[in-house]
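# Observations on the model geometry
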Amino acid sequence: MAKKAFRDFLHDLETAGEIQRLAKAVDPRDLSGLAAQTDKAVLFEEIEGYPGWRVATALLSSRRRLAIVLDCAEDRIAQEFETRSARAIAPDIVGNAPCQEVVMEGDEVDLAALPFPLMHVHDGGPYISGTFVVSRDAEYGRNAGSYRMMYRNKRETGIDLVSPSDMRFYYQRMLDRGEPLPIAVAVGVHPFEMLAASYKAPIAADELELAGGLHGAPVPMVKCRTVDLEVPADSEIVLEGEILPIGWTADEGPFGEFSQISGDVKWNPVFRVNCITHRRDPIFYLLQMPWENDWLSAPVTEAAGLQALRVASVEPVAIRAPVGSCGYWTLIASIRKRPGEGKNALLALLSVAEVKLAIVTDDDIDINNPDDIDWALTFRVQADQDLITLSGARGKHVDPSIRAWEMGQGGLPLTAKLGIDATIPEGIPKWLYKRIETYGKDRVRLEDYL
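Summarised in this report is the structure supplied together with it. Here the structure is a predicted model, which means the values were calculated and not measured. (Residues numbered from 1 in each chain as written. Predicted model: local features only at pLDDT ≥ 70, side-chain atom pairs only at ≥ 80, totals over all residues. Heavy atoms only, no water.)

Attention now goes to unusual backbone geometry. Among all residues save glycine, negative phi is the norm, and among peptide bonds the norm is trans. Non-glycine residue A58 carries a positive phi angle of around 55°. Its relative accessible area of 4% is what places A58 among the buried residues. With a phi angle near 60°, S313 is a residue other than glycine that sits in the positive phi range. Inspection of the secondary structure assignment puts S313 in the loop between α8 (291–311) and β19 (315–320). Here S313 falls in the partly exposed class, since its relative accessible area comes to 47%. (Buried < 20%, exposed > 50% of the residue type's maximum accessible area, 1.4 Å probe, protein only. Helix = DSSP H or I, 4+ residues; strand = E, 2+ residues; numbered from the N terminus.)

Right, here's the structure in full:
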């Protein structure tokens, strides 16, 4: 199986009728506003003031397009992601790469040469939103993650490192030594790389091997020009540089967060760019907030929930990270329950990352039907017996309810978690929950009487 590139995914979307091409020249300030007016992905063919550049956006703004990435049914996304991510395939190093067809170093570097727009009304500046960031630690090895970057000047951006992550840990170790952390930022990679970057892998795991497993083939990597790192060879654009050893001291934001809220100003480090490389005919990927981020989060959260349930010896039937919780903060699962497993399942689901609400139902409930979930919550839950609350768990800054501004510069917030056991209570016979059936519905047909 051949590894797919960013442009292969654009082709897949076009084949499925899920992308709209706009040939008319567009002012870069209007990119987000135009993309927000269609339910399809968009490829802008001409950008005013940026000859030779194109911009692709809203590529993953629906569950259907996520299913196209994984080549599966929409209700099988979590299971397909789990199956693919279980196999690690090491990347290959190649000598020549499309992402290095054009090279700008030193004084040639100018981030304003990239066509990234102002995305939201209250943003603190233009942002590079769809990043695949590679770093390395002497002890733990290579890491990849995704971090938004606010334009500051021709050579510098802010970089959002307020939340716990492996790269934040790597940076802190270098900061303690007074040294910068070299990084390489790829823009315009296949969604499998973006999913791998979003995955909460153990710190010693290599996300590039996870991406290879998702592809079913090695990811071709090329050595960077100015830092001792490798990036996907078929990337559209690469920024090479270092996170300066200044700590959480620079204002960054506000930004339209994946929580669907215009966030607050934060303190963050600064990324200095020393080299830009890109294809001769580059496509800039503008990850449209919040929906693309939310749908990228959902399969990662769901797969982590499935694994947590299995480790707890609970048999999952279905799982969903609803987009209303940004694919991140809520997990709803149905299980084949044995005595006591409703509570065990809740404890497992609440252990996943920053999930703060978990609901568990029996396998007779369709968790994709909100009315079915409401019915289970109404008739299977007693608040004094079926709710679990936990205090002092890991939180995330973009949730205003945790009062992150009280943490100070570089502080990490805490959150409370809630679990609701909406399975049939122990000791209550299942026949008491037998749904009503209309008499004669299968015996007669309405059309015979019309």
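At a closest axis distance of 8 Å, the pairing of helix α6 (residues 191–198) and helix α7 (residues 207–215) adopts a crossing angle of 135°. Relative to α7, the element α6 is oriented oblique. As α6 runs across α7, the sense of the crossing is right-handed. On the side of α6, the interface is formed by F192, E193, L195 and A196, while α7 contributes E207, L210, A211, L214 and H215. Of the residues belonging to the contact of α6 with α7, the class tally is six nonpolar, one polar and two charged. (Axes fitted to C-alpha atoms, helices over the stretch in contact; angles between N-to-C directions. Parallel < 35°, antiparallel > 145°, perpendicular 65-115°, else oblique. Left-handed = near helix turned anticlockwise from the far one by under 90°. Contact = heavy atoms within 4.5 Å. Nonpolar A, V, L, I, M, F, W, Y, C, P; charged D, E, K, R; others polar.)

A few words on the packing of helix α3 (residues 63–70) against helix α4 (residues 77–85). Helix-helix packing: each pair is described by the crossing angle between the helix axes and the interaxial distance. Two numbers describe how α3 lies on α4: the axes approach to 10 Å, and their chain directions differ by 30°. Here α3 lies roughly parallel to α4, going by the angle between them. The way α3 lies across α4 gives a crossing that is left-handed. Contacts between α3 and α4 pair R63, L66, A67 and L70 from the former with I77, E80, F81 and R84 from the latter. Looking at the contact of α3 with α4 residue by residue, the classes come out as five nonpolar, no polar and three charged.

Time to look at the sheet that holds strand β1 (residues 19–22). With mixed pairing, four strands are arranged side by side in an open sheet as β1-β2-β3-β18. A strand with exactly one partner marks an edge of an open sheet, and here the two such strands are β1 and β18 (283–286). Across the sheet, the mean angle separating the axes of adjacent strands is 20° when strand polarity is ignored. As paired elements, strand β3 (residues 54–57) and β18 share four bridges and run parallel to each other. (Pairing = 2+ DSSP bridges.)

We now examine the pattern of salt bridges. Using the criterion set out here, one finds 41 salt bridges in the structure. Of the charged contacts, one joins D281 and R54 as a salt bridge, the two residues approaching to 3.9 Å between their closest N and O atoms. Of this pair, D281 sits in the loop between β17 (270–278) and β18 while R54 is found in strand β3, placing the two residues 227 residues apart along the sequence. Taking the relative accessible area as the measure of exposure, D281 reaches 35% and is therefore partly exposed. (Salt bridge = Lys/Arg side-chain N within 4 Å of Asp/Glu carboxyl O.)

If you walk through the whole model with that rule in mind, you get eight aromatic pairs. Both rings, one in F116 and one in Y151, keep their centres 6.0 Å apart while their planes meet at 55°; by these two values the pair is tilted. Note that F116 is positioned in the loop between β5 (102–105) and β6 (127–128) and Y151 in strand β9 (residues 149–153), a separation of 35 residues in sequence. Exposure remark for Y151: the relative accessible area of 25% places this residue in the partly exposed category. Plain terms: the ring middles of W375 and Y433 are 6.2 Å apart, the flat faces sit at 80° to each other, and that makes the pair edge-to-face. Remark: Y433 occurs in the segment after β23 (414–422) and W375 occurs in helix α10 (residues 370–380); sequence separation between them is 58 residues. When its relative accessible area of 22% is taken as the criterion, W375 is described as partly exposed. Residue Y433 is classed as buried on the basis of its relative accessible area, which comes to 12%. An aromatic cluster of three or more residues is present, and its members are F116, Y151 and F284. (Phe/Tyr/Trp six-rings, centres within 6.5 Å; stacked < 30°, edge-to-face > 60°.)

Applying the stated criterion to the full structure yields one cavity of 30 Å³ or more. In this structure, the largest cavity spans a volume of roughly 40 Å³. Going through the elements one at a time, α1 (6–15) and α6 are the ones with two or more residues in the lining of the largest cavity. Across the lining of the largest cavity, the residue classes break down as eight nonpolar, one polar and no charged. (1 Å grid on protein atoms, 1.4 Å probe; cavity = no way out; pocket = protein on both sides within 12 Å on 5 of 7 lines; lining within 4 Å. Points joined across faces, edges and corners; volume = space filled by probe spheres on them.)

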